[in-house]
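A look at the structure
What follows is the residue order along each chain.
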Amino acid sequence: MSNGNESCMLGNGSSGFMSCLILLWEEWVGVGHLEDYLSYLEYLLWVFTPLAIVFILPFLIVILLYLSILFLHVYKHKNQLREAYSNNLWDGARKTLATLWDGHGAIWHGYEIHGLEKIPDEGAALIVYYHGAIPIDYYYFLANVIIQKGRTCHSVADHFLFKVPGFKLLLEVFSVIHGPQEECVKALRSGHLLGISPGGVREALFSDETYPLLWGKRKGFAQVAIDSQVPVIPMFTQNVREGFRSLGTLKCFRWLYERFRFLAPVYGGFPVKFRTFLGDPIPYDPKLNAAELAEKVHEAVQALIDQHQKIPGNILRALLERFHRRPKEA
């Protein structure tokens, strides 16, 4: 019998039992002085636990403060919410979620929206916007339209969104459609607002901090506006690419998307400053065809990017802009 086993036989009580286990473990895995390693780990734990607590507790307090702010944000709109629920169950639900999203935007991104008065209080309009890696700015915009205008803006989304488990009800309540031109025209002719990003998923994945518009030769959205005889309102959010970024610019992910429609990973969630700008409405003009109108809208969105976005985008600069009260012109 080995020396370790002999020691086990000589040990007594709980300390002898633990020593036995440690010696047997050392022999089994072939590691000597395991008790010294455990003592060292125990020492490190003793040293770093207070440090961890010192950093974690303030972080938890900050979370509680932000939750308190979010609660107050909802409470501020309690009368509107009560009225919405009394009229229609889904109106109340939309107003509640809009208030939560608006609170999130205010807290995490200091969200501002400029030019909301250009959205009509009544009647149809087509809102055309630049698509970020994650269009969280568009969610904030929808929330503001619900809260400040009392309207629900219908939206066009990619087909894959309708295949995500559990999303069906959310998409129905917020009037999201997958984009056939007939459905878009129907929504606009019914007097609704409609939001669409011609760049779609491709722009989300493959645009970058230089903010190129990746619309290709798409002009279906312009034909929808012509058939519906509605104005087009361009929209862009400053620093949206600094909030979330995509790895789609890497060749391997580009190849995977083109071959298998595999979506490139997205990273970020940085609390950068977001400012959404709405341009002047482009009125319906029967003299313009779809290609001409599409080019005109492209130029209008590009003009908003040129005016309000510093190129290339920079995450640190966008974070520092949280401390600037006025929008910075490019």
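Residues numbered from 1 in each chain as written. Predicted model: local features only at pLDDT ≥ 70, side-chain atom pairs only at ≥ 80, totals over all residues. Heavy atoms only, no water.

**What about the overall build of the chain?**
Looking only at helices and strands, the chain has 14 helices and nine strands in total. By residue count, 42% of the 330 residues in the chain fall in the buried class. Contacts in the chain between residues at least 24 apart in sequence constitute 75% of all its contacts with a sequence separation of at least 6. Counting only carbon and sulfur atoms, one obtains 62% of the accessible surface of the chain, whose full area is about 19,100 Å². (Helix = DSSP H or I, 4+ residues; strand = E, 2+ residues; numbered from the N terminus. Buried < 20%, exposed > 50% of the residue type's maximum accessible area, 1.4 Å probe, protein only. Contact = heavy atoms within 4.5 Å. Areas by Shrake-Rupley, 256 points an atom, 1.4 Å probe, with all protein chains shown as cover.)

**Some words on the packing of helix α8 (residues 181–189) against helix α10 (residues 220–228)**
At a minimum axis distance of 9 Å, the contact between α8 and α10 shows a crossing angle of 40 degrees. If you check the angle between α8 and α10, you find them oblique. For the crossing formed where α8 meets α10, the hand is right-handed. On α10, the residues touching Gln-181, Cys-184, Val-185, Leu-188 and Arg-189 of α8 are Gly-220, Gln-223, Val-224, Asp-227 and Ser-228. Classifying every residue of the contact of α8 with α10 by side-chain character gives four nonpolar, four polar and two charged. (Axes fitted to C-alpha atoms, helices over the stretch in contact; angles between N-to-C directions. Parallel < 35°, antiparallel > 145°, perpendicular 65-115°, else oblique. Left-handed = near helix turned anticlockwise from the far one by under 90°. Nonpolar A, V, L, I, M, F, W, Y, C, P; charged D, E, K, R; others polar.)

**Details of the nonpolar core**
Judged by nonpolar contacts, the single largest core of 58 residues is most densely connected at Leu-126, Phe-141 and Val-297. It is helix α13 (residues 290–308) that contributes the most residues to this core, eight residues altogether. Core analysis: the next-biggest nonpolar cluster, separate from the first, contains nine residues, Ala-143, Ile-146, Ala-157 and Leu-171 among them. (Core = buried A, V, L, I, M, F, W, Y, C linked by side-chain atoms within 4.5 Å.)

**Notes on the confidence of the model for the chain**
For the chain, per-residue confidence averages 85 on the pLDDT scale, and residues scoring 70 or more make up 81% of the total. Across residues 1–7, confidence stays below pLDDT 50; counting only partners more than four residues off in sequence or on other chains, it has eight contacts. (pLDDT = per-residue confidence, 0-100.)

**What about the sheet that holds strand β1 (residues 112–114)?**
Strand order across the open sheet formed by seven strands is β1-β9-β6-β2-β5-β3-β4, with mixed pairing between neighbours. Looking along the sheet, the strands with just one partner apiece sit at the ends: β1 and β4 (176–177). Pairing of β1 with strand β9 (residues 275–278), which is carried by three bridges, proceeds in the parallel orientation. What sits directly across from Ile-113, in β9, is Thr-276. Across the face of the sheet, α13 comes into contact with β2 (125–129), β6 (232–238) and β9 while running at roughly 30 degrees to β6. (Pairing = 2+ DSSP bridges.)

**Side note on a nonpolar patch on the surface**
Residues Leu-97, Leu-100, Trp-101, Tyr-139 and Leu-170 make up a contiguous nonpolar surface patch of roughly 420 Å² in combined accessible area. Note that Leu-100 resides in helix α5 (residues 89–109). Under the relative-accessibility criterion, Leu-100 is labelled partly exposed at 34%. (Patch = residues over 30% accessible without salt bridge, like charges linked within 9 Å, V, L, I, M, F, W, Y side chains within 5 Å. Salt bridge = Lys/Arg side-chain N within 4 Å of Asp/Glu carboxyl O.)

**Some thoughts on unusual backbone geometry**
Pro-312 follows Ile-311 through a cis peptide bond whose omega is -5 degrees. Its location among the elements puts Pro-312 in the loop between α13 and α14 (315–320). For Arg-261, which is not a glycine, the phi torsion comes out positive at approximately 60 degrees. Note on Arg-261: relative accessible area 48%, which makes it partly exposed.

**Quick look at the packing of α5 against helix α6 (residues 136–149)**
For the pair α5 and α6, the least separation of the axes is 8 Å and the interaxial angle reads 125 degrees. Considering the angle they form, α5 stands oblique to α6. You can see that α5 and α6 cross each other, and the crossing is left-handed. Taking contact as the criterion, the partners of Arg-94, Lys-95, Ala-98, Thr-99, Trp-101, Asp-102, His-104, Gly-105 and His-109 in α5 are, on α6, Ile-136, Tyr-139, Tyr-140, Ala-143, Asn-144, Ile-146 and Ile-147. For the contact of α5 with α6, a count of residues per class yields eight nonpolar, five polar and three charged.

**Let's talk about the environment of Ile-226**
Along the polypeptide, Ile-226 turns up in helix α10. Spatially, the C-alpha atom of Ile-226 lies 9.9 Å from that of Lys-287, the residues being 61 residues apart in sequence. Among residues more than four places away in sequence, those in contact with Ile-226 are Tyr-284, Leu-288, Asn-289, Ala-290 and Leu-293.

**Quick word on the side chain of Thr-276**
As for its position among the elements, Thr-276 is in strand β9. Given the relative accessible area of 0%, Thr-276 is considered buried. Separated by 2.7 Å, the side chains of Thr-276 and Tyr-111 make a polar contact. (Polar contact = N/O pair within 3.5 Å; in protein donor to acceptor, adjacent residues only side chain to side chain.)

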